[in-house]
Amino acid sequence: MRKYHNALGVAAALRPASPVTLVRPHAAARAARFFAQRFPGLSMYAVKANPSPDLLRTLWNAGITHYDVASITEVRLVRSVLPDAKLCFMHPVKSAEAITEAYFEHGVRTFSLDTQEELDKIVEATGAPDDLWLCVRIRVSSDHSELSLASKFGVRAEEAAPLLMAARQASDALGVCFHVGSQAMSPAAYTNAIALVRAAIVEAGVTVDVVDVGGGFPSVYPGMDPAPLDLYFQAVHDAFEDMPISYSAELWCEPGRALCAEYASVLVRVEQRKGNTLYINDGAYGSLFDAAHVAWRFPSALIRSEPSEAEFEAFDLYGPTCDDMDHMDGPFYLPGDVKAGDFIEIGMLGAYGAAMRTAFNGFGSSETVEVADEPMFSLYREDEQGAEIISITGRN
Ligand SMILES: *Cc1c(COP(=O)(O)O)cnc(C)c1O
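Definitions and limits used
- Residue indices follow the written sequence of each chain, beginning from 1 at its first position.
- Selection of residues for local features in this predicted model requires a pLDDT of at least 70, selection of side-chain atom pairs for listing and counting requires 80 or more, and totals for whole chains, interfaces and linings are taken over all residues.
- With hydrogens and water set aside, each side-chain value is computed from the structure's full complement of heavy atoms.
- UniProt positions are given in the numbering used here, feature names are shortened, and annotations may be inferred rather than shown by experiment.
- With a 1.4 Å probe rolled over the protein chains alone, any residue whose accessible area is under 20% of its type maximum counts as buried; one over 50% counts as exposed, and the rest are partly exposed.
- Each pair of aromatic rings taken from Phe, Tyr and Trp, with Trp reduced to its six-membered ring, is defined by centres within 6.5 Å and is described as stacked if the planes are under 30 degrees apart, edge-to-face if over 60, and tilted in the remaining cases.
- Here, a charge over a ring is recorded when the distance from Lys NZ or Arg CZ to the ring centre is within 6 Å and its angle to the ring normal is within 35 degrees.
- We call a residue near a molecule or strand whenever a single non-hydrogen atom of that residue lies within 4 Å of it.
- Pairs of N or O atoms are called polar contacts if they sit within 3.5 Å, as long as, within protein, a hydrogen donor faces a hydrogen acceptor (for residues adjacent in sequence, only side-chain-to-side-chain pairs).
- Shrake-Rupley sampling with a 1.4 Å probe provides the accessible areas, and residues are treated as covered by the protein chains on show and by no other component.
- Residue polarity follows a fixed list, in which Ala, Val, Leu, Ile, Met, Phe, Trp, Tyr, Cys and Pro are nonpolar, Asp, Glu, Lys and Arg are charged, and the others, Gly among them, are polar.
- The helix and strand labels rest on DSSP assignments: H or I over at least four residues marks a helix, E over at least two residues marks a strand, and numbering proceeds from the N terminus.
- For this analysis, residues touch if any pair of their heavy atoms sits within 4.5 Å.
- Criterion used throughout: strands pair if DSSP finds at least two bridges between them.
- By definition, the crossover connecting two strands over a helix is right-handed if that path, from the first strand to the second, turns clockwise as seen with the strands pointing away from the viewer.
- What counts as a domain boundary in this text is fixed by an automatic or database domain assignment.
- Buried area: the accessible area, evaluated with a 1.4 Å probe, that two parts lose upon being put together, summed over both parts.
- Within this document, salt bridges are pairs made up of a side-chain nitrogen of Lys or Arg and a carboxyl oxygen of Asp or Glu, the two lying within 4 Å of each other.
- For every residue, the pLDDT score states the predictor's confidence, bounded by 0 at the bottom and 100 at the top.

Novice: With reference to specific residues and values, describe the UniProt feature "active site" (unreviewed entry) in the chain.
Specialist: When the UniProt feature table is mapped to this numbering, "active site" (unreviewed entry) covers Cys322. With relative accessibility at 71%, the residue cysteine 322 sits in the exposed group.

Spelled out as structure tokens, the structure:
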């Protein structure tokens, strides 16, 4: 992969007429080290947030050994890129064929479920072995999160006892899992969810070997500045310690966004300006799906060799397709003299950005280059600077 210093270097060298993804492996590695070292349990990467093989290798090299996969295609992908990775099939509704292939061909032993039917399916598709790790997905509130995951999956905690007991019978290790929703803005999301799960375990009277607190750990975006991740980890740790579980029980988490949001940004070109609306060459069917469909806000920067001196103004963006819905309200703050032909970098698109891209209407390029500069925002920088100072002092 070609390497440049930053977005300006890419714009100057390539003058790209199609959007270019800029990746920062150092930022993803830093996030991975942070989780691997500081989360008080095991961190597994939720592959759907960004399945890029380069990113998977980066996370692996930085200490992430477990991967949360949700489809047989993700199972095959991670297995081919990382032959020694541990894969956990955490989609509660799977096809029997996917379960069979995952178990027999790819060594998957951990599966999630939220109904008796799914439990029966897993047992049948794997031939009722004695080495299944089964995680019962419990429905918890998404009240503290920007994107809800509270309706689609999960057995209600008050109704979970029979399923927990049945899964206990069929498993070598029994786990409970949940997802508080994506971009959880408060550690209380986890405290509240664990309290709910605790009640379900007590009612069922089962021994639990794994507590998996799922994803939802936040990144930083305009208007969304979460508490430090250490406070989330502390809240999870405290609530976990207080659970009625065996002394050897394991604590897991499944971060997607928090591990890869800082990994990528996109360099786009302005094709036309109408008032404070810019027509750019990437959009709702490309890496800006969330900006268009859930009004997610991303940071932006005008990329010019001579920095503009104009005052910043609020802009909205149209993507390249002919669809009216290909519109990103933003606001995106850019210098007021931005014009057709200018390049703009849109940041924090490593999670649910590249992964959402389609080729609709003939748009959707996937050229990717590496850049060495810092992401526009970071949850991990201060920590890294601290670590660097320590290592420099150590060397002297
Ligand atoms: C999407 C998903 C994740 C990752 O969620 P983030 O909010 O990106 O951390 C983790 N676990 C499951 C089961 C998911 O569906």
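Having seen it, we continue.
Novice: Can you break down the packing of aromatic side chains residue by residue, with the values?
Specialist: One pair of aromatic rings is described through two measures. These are the centre distance and the angle between the planes. All chains considered together, the criterion is met by 18 aromatic pairs. Each residue in the set Phe34, Phe35, Phe39, Tyr190, Phe217, Tyr232, Phe233 and Tyr380 is aromatic and connected to the rest through ring pairs, giving one cluster. Across from the ring centre of tryptophan 133, 5.6 Å away, lies the NZ or CZ of lysine 86, which sits over that ring. Seen from the ring of tyrosine 103, arginine 109 lies directly overhead, with NZ or CZ sitting 3.7 Å from the centre.

Novice: Tell me about the site of the ligand, and please be specific about residues and values.
Specialist: The environment of the ligand is formed by 14 residues, the closest being Lys48, Ser182, Glu254, Arg257 and Tyr352. Glutamate 254 is positioned such that a nitrogen or oxygen atom in its side chain is 2.5 Å from a nitrogen atom of the ligand. A distance of 2.9 Å separates an oxygen atom of the ligand from a polar backbone atom of glycine 256. Compared with its free state, where it exposes 390 Å², the ligand has 91% of that area covered by protein. Residue classes in the shell around the ligand are distributed as four nonpolar, five polar and five charged.

Novice: Please give an account of the UniProt feature "modified residue: N6-(pyridoxal phosphate)lysine" (unreviewed entry) in the chain that cites residues and values.
Specialist: If you check UniProt for "modified residue: N6-(pyridoxal phosphate)lysine" (unreviewed entry), the listed places come out as Lys48 in our numbering. Note that lysine 48 resides in the loop between strand 3 (42-46) and helix 3 (53-61). According to the relative accessible area criterion, lysine 48 is partly exposed, its value standing at 47%. Not counting chain neighbours up to four residues away, the residues in contact with lysine 48 comprise Glu74, Tyr352 and Ala355.

Novice: Got a sec to walk through the pairing of strand 6 (residues 110-113)? Specific residues and values, please.
Specialist: Consecutive residues of a regular strand have side chains that alternate between opposite faces of the sheet. With burial as the criterion, each face of strand 6 is covered, one bearing Thr110 and Ser112 and the other bearing Phe111 and Leu113. Pairing geometry for strand 5 (residues 86-89) and strand 6, over two bridges, is parallel. Each residue of the ladder has a partner; that of phenylalanine 89, found in strand 6, is phenylalanine 111. Handedness of the β-α-β unit built from strand 5, helix 5 (residues 96-106) and strand 6 comes out right-handed.

Novice: Give me the side chain of threonine 21: which residues, what numbers.
Specialist: Residue placement: threonine 21 occurs in strand 2 (residues 20-23). A distance of 2.7 Å separates a polar atom in the side chain of threonine 21 from a polar atom in the side chain of arginine 357. Ignoring anything within four residues of it in the chain, the contact list for threonine 21 reads Ala264, Ser265, Val266, Arg357, Glu367, Thr368 and Val369.

Novice: I'd like a rundown of the domain arrangement of the chain, residues and numbers included.
Specialist: Taken domain by domain, the chain consists of domain 1 (3-22 + 262-380) and domain 2 (26-260). The straight-line distance from the C-alpha centre of domain 1 to that of domain 2 is 32 Å. Listed as interface residues are 23 residues of domain 1 and, on the opposing side, 29 residues of domain 2. Summed over both partners, the interface of domain 1 with domain 2 comes to about 2300 Å²; 64% of that surface belongs to carbon and sulfur atoms. When residues of domain 1 are sorted by the area they lose upon contact with domain 2, Tyr263, Trp296 and Tyr380 head the list and together hold 35% of the total. Our count for the domain 1 to domain 2 interface comes out at two salt bridges. Of the charged contacts in the structure, one is a salt bridge between arginine 30 and glutamate 262, with a shortest N-O distance of 3.9 Å. Applying the counting criterion to the domain 1 and domain 2 interface returns seven residue pairs in polar contact (both at pLDDT 80 or more). Along the lines of polarity and charge, the residues of the side of domain 1 that touches domain 2 split into 17 nonpolar, two polar and four charged.

Novice: Tell me what's going on with the pattern of salt bridges, and back it up with residues and numbers.
Specialist: Applying the stated criterion to the full structure yields 19 salt bridges. Measuring nitrogen to oxygen at the nearest pair gives 2.7 Å for the salt bridge that ties glutamate 367 to arginine 2. One end of the pair, glutamate 367, is in strand 20 (residues 367-371); the other, arginine 2, is in the segment before strand 1 (3-4), and 365 residues separate them in sequence. By relative accessible area, glutamate 367 is classed as partly exposed at 32%. In this structure, arginine 38 and aspartate 230 form a salt bridge, with 2.6 Å as the shortest nitrogen-oxygen distance. Of this pair, arginine 38 sits in helix 2 (residues 25-38) while aspartate 230 sits in helix 9 (residues 229-241); the two residues are 192 residues apart in sequence, bridging distant segments of the chain. Residue arginine 38 is classed as partly exposed on the basis of its relative accessible area of 34%. The structure contains a network of salt bridges with shared partners spanning Arg30, Glu262, Glu374 and Arg381.

Novice: Hey, could you go over helix 5 for me, with residue numbers and the actual values?
Specialist: Of the residues making up helix 5, those classed as buried are Ala98, Ile99, Glu101, Ala102, Tyr103 and His106. As for helix 5, its buried residues are in contact with helix 4 (72-81), strand 5, strand 6 and helix 6 (116-126). Of the residues flanking the end of helix 5, it is glycine 107, one or two places downstream, whose phi is positive at about 70°.

Novice: Please provide a residue-by-residue account of the confidence of the model for the chain, values included.
Specialist: Taken over all residues, the pLDDT of the chain has a mean of 94, while the share at 70 or more is 96%. Confidence drops under pLDDT 50 across residues 384-396; counting only partners more than four residues distant or on other chains, this segment forms two contacts.

Novice: Please provide a residue-by-residue account of helix 4, values included.
Specialist: Looking at helix 4, one finds that the buried residues are Ile72, Glu74, Val75, Val78, Arg79 and Val81. Buried residues in helix 4 make contact with helix 3, strand 4 (66-69), strand 5 and helix 5.

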